[in-house]
2 protein chains.
Amino acid sequence: GGVVETLFFPDAKLPCRNMNKPGGCRRPHCEYAHEPTSLTRFLAHLGSARSSLDICVFTITNDDISDVVLSLHRRGVRVRIITDNDQAATQGSDIVKFVQAGILVRRDKTPAHMHHKFALIDGRLLLNGSFNWTRQAVTGNNENVTVLADPQLIRSFQAQFNKLWEQFK
Amino acid sequence: GGVVETLFFPDAKLPCRNMNKPGGCRRPHCEYAHEPTSLTRFLAHLGSARSSLDICVFTITNDDISDVVLSLHRRGVRVRIITDNDQAATQGSDIVKFVQAGILVRRDKTPAHMHHKFALIDGRLLLNGSFNWTRQAVTGNNENVTVLADPQLIRSFQAQFNKLWEQFK
Ligand SMILES: [Zn+2]
Ligand SMILES: [Zn+2]
């Protein structure tokens, strides 16, 4: 019972943001997705966080994802982010937004890459795979995210997160 | 019971190749690893293939890994490889060696990336995570590989492999 689901990318379309409004999308011929996609399922898992969200992801540039992270932070969920120092400095990185919002962010300090792409939700769910949190990865690349509730896996990834969190202090 | 183990990188050292010889390593002050590492455990899982090995990995340049793949092919294990077309063309890629040895290789034909990093062993084990099969990823980067025996996960990744195998024909 440890496997919740696997999400494969690319999605054919980005999700329509009007679907978050009362009444949904009223644009005729809207080119965005109105049905569930891998990204909307991914966002729903992230958005299910109630107490903590530990993110350890190489590149974060996708605004649909960043908006959920920022909204969780505003709701009082304890968000911690570990990312790659080189990627954090590149254009389009959402790391500056996170820091400005008061989210705790740490970067690896090595010339090598902090290349993980995992997140831990409430110590209850692990998201892990090849998927960087970028727009290119959503609608361009072949990617996977496994959504897992296995206690043994969650313990080992939480220990890894805690170790890197100290290491990159 | 679906989780076998999680391997975290970087390893402090590359494995000593003399450990494969009778008598082991006799070099005084040898700088390579003589004890198990994440890479040697990874190689042991790969090398356990008896009937089939389906590889779907963005970049493959690590010769310790390639040697195991080539040796499985010579022993009669059915090896199939899906990789990224851009990466396959870069210097140091082991794809040319695989093709020359007669291994079946297919490349994505898109400008986007075939960014998966998973392998299926005998339809019995799934290796998946952030880990590209490169030397940099072994001793430089922070990376993970989950080793999983969960039938539901294996079914969904096998279906994904088969789909991409047809798509990149
Ligand atoms: Zn719409
Ligand atoms: Zn040695």
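Given the structure is predicted, the values throughout are model-derived calculations rather than measurements.

### Concerning helix 1 (residues 38–47) of chain A
For the α-helix, the turn length of 3.6 residues means that residues three or four positions removed from each other point alike. The element helix 1 of chain A is extensively covered by neighbouring structure, given that 7 of its 10 residues are classed as buried. Among the residues making up helix 1 of chain A, those that are buried are Ser38, Leu39, Phe42, Leu43, His45, Leu46 and Gly47 of chain A.

### What to know about the coordination of the zinc ion (ligand 1)
All names here are of chain A. At the metal site, the zinc ion (ligand 1) is ligated by Cys16 (SG), Cys25 (SG), Cys30 (SG) and His34 (NE2), and these contacts range over 2.1 to 2.3 Å. The coordination sphere of the zinc ion (ligand 1) comprises 4 donor atoms, whose angles at the metal cover 105 to 117°; the geometry is tetrahedral. Mapping the donors of the zinc ion (ligand 1) onto the primary sequence gives the spacing C-x8-C-x4-C-x3-H. Comparing Cys25 with Cys30 shows no difference in burial state: the two are buried.

### With respect to the packing of helix 1 of chain A against helix 2 (residues 63–74) of chain A
Residue and element names in this part refer to chain A. Running from amino to carboxyl end, helix 1 crosses helix 2 at an angle of 15°, the nearest separation of the two axes being 10 Å. As summarised for this structure, helix 1 and helix 2 are arranged roughly parallel, according to the angle between their axes. Along this stretch, helix 1 crosses helix 2, giving a crossing that reads as right-handed. Residues Leu39, Phe42, Leu43, Leu46 and Gly47 of helix 1 form the contact with helix 2, whose own contacting residues are Asp64, Ile65, Val68, Val69 and Leu72. Taken together, the residues that form the contact of helix 1 with helix 2 break down as 8 nonpolar, 1 polar and 1 charged.

### Comments concerning the coordination of the zinc ion (ligand 2)
All names here are of chain B. Ligation of the zinc ion (ligand 2) by protein atoms is provided by Cys16 (SG), Cys25 (SG), Cys30 (SG) and His34 (NE2), these donors lying 2.1 to 2.3 Å from the ion. Classification of the site at the zinc ion (ligand 2) as tetrahedral follows from its 4 donor atoms and the range of 104 to 117° in their angles at the metal. Taken in sequence order, the residues that donate to the zinc ion (ligand 2) follow the motif C-x8-C-x4-C-x3-H.

### Here's the deal with the relation of the copies chain A and chain B
With an RMSD of 0.0 Å, chain A superimposes on chain B once it is rotated by 180° and translated 0.0 Å along the axis. Taken together, the rotation and translation relating the two chain copies correspond to the operation of a two-fold axis. Both copies share a contact surface, since 100% of the interface residues of chain A are interface residues in chain B too.

### So, the interface of chain A and chain B
Contact with chain A, which involves 31 residues of that partner, is made by 31 residues of chain B. Of the roughly 2,500 Å² buried where chain A meets chain B, counting both sides, 55% is carbon and sulfur surface. At the boundary of chain A with chain B, the tally comes to 0 salt bridges. Taken together, the connections running from chain A to chain B amount to 16 residue pairs in polar contact (both at pLDDT 80 or more). Counting only elements with at least two residues in the side of chain A that touches chain B, the list comes to strand 1 (3–9), strand 5 (117–121), strand 6 (125–129), strand 7 (143–148) and helix 6 (151–167) of chain A. If one sorts the elements of the side of chain A that touches chain B by residue count, helix 6 of chain A sits on top with 6 residues.

### Looking at the pattern of salt bridges
Across all of its chains, the model carries 20 salt bridges over all chains by this definition. Across the pair Glu166 of chain A and Lys169 of chain A runs a salt bridge whose closest N-O atoms are separated by 2.8 Å. Here Glu166 of chain A falls in the partly exposed class, since its relative accessible area comes to 45%. For Asp54 of chain B, the salt bridge is made with Arg78 of chain B, and the minimal N-O distance between the two is 3.9 Å. Note that Asp54 of chain B is positioned in strand 2 (residues 52–57) and Arg78 of chain B in strand 3 (residues 78–83), a separation of 24 residues in sequence. One continuous salt-bridge network, built from bridges that share partners, spans Arg17, Asp64 and Asp67 of chain A.

Reading the values: rules and limits
- Residues numbered from 1 in each chain as written.
- Chains lettered and ligands numbered in written order.
- Predicted model: local features only at pLDDT ≥ 70, side-chain atom pairs only at ≥ 80, totals over all residues.
- Heavy atoms only, no water.
- Buried < 20%, exposed > 50% of the residue type's maximum accessible area, 1.4 Å probe, protein only.
- Helix = DSSP H or I, 4+ residues; strand = E, 2+ residues; numbered from the N terminus.
- Donors = N, O, S within 2.8 Å, 3.2 Å for Na, K, Ca; no water.
- Tetrahedral: all angles 85-135°; square planar, octahedral: opposite > 155°, others 65-115°.
- Axes fitted to C-alpha atoms, helices over the stretch in contact; angles between N-to-C directions.
- Parallel < 35°, antiparallel > 145°, perpendicular 65-115°, else oblique.
- Left-handed = near helix turned anticlockwise from the far one by under 90°.
- Contact = heavy atoms within 4.5 Å.
- Nonpolar A, V, L, I, M, F, W, Y, C, P; charged D, E, K, R; others polar.
- Least-squares fit on C-alpha atoms with pLDDT ≥ 70 in both.
- Buried area = accessible area lost by both parts, 1.4 Å probe.
- Salt bridge = Lys/Arg side-chain N within 4 Å of Asp/Glu carboxyl O.
- Polar contact = N/O pair within 3.5 Å; in protein donor to acceptor, adjacent residues only side chain to side chain.

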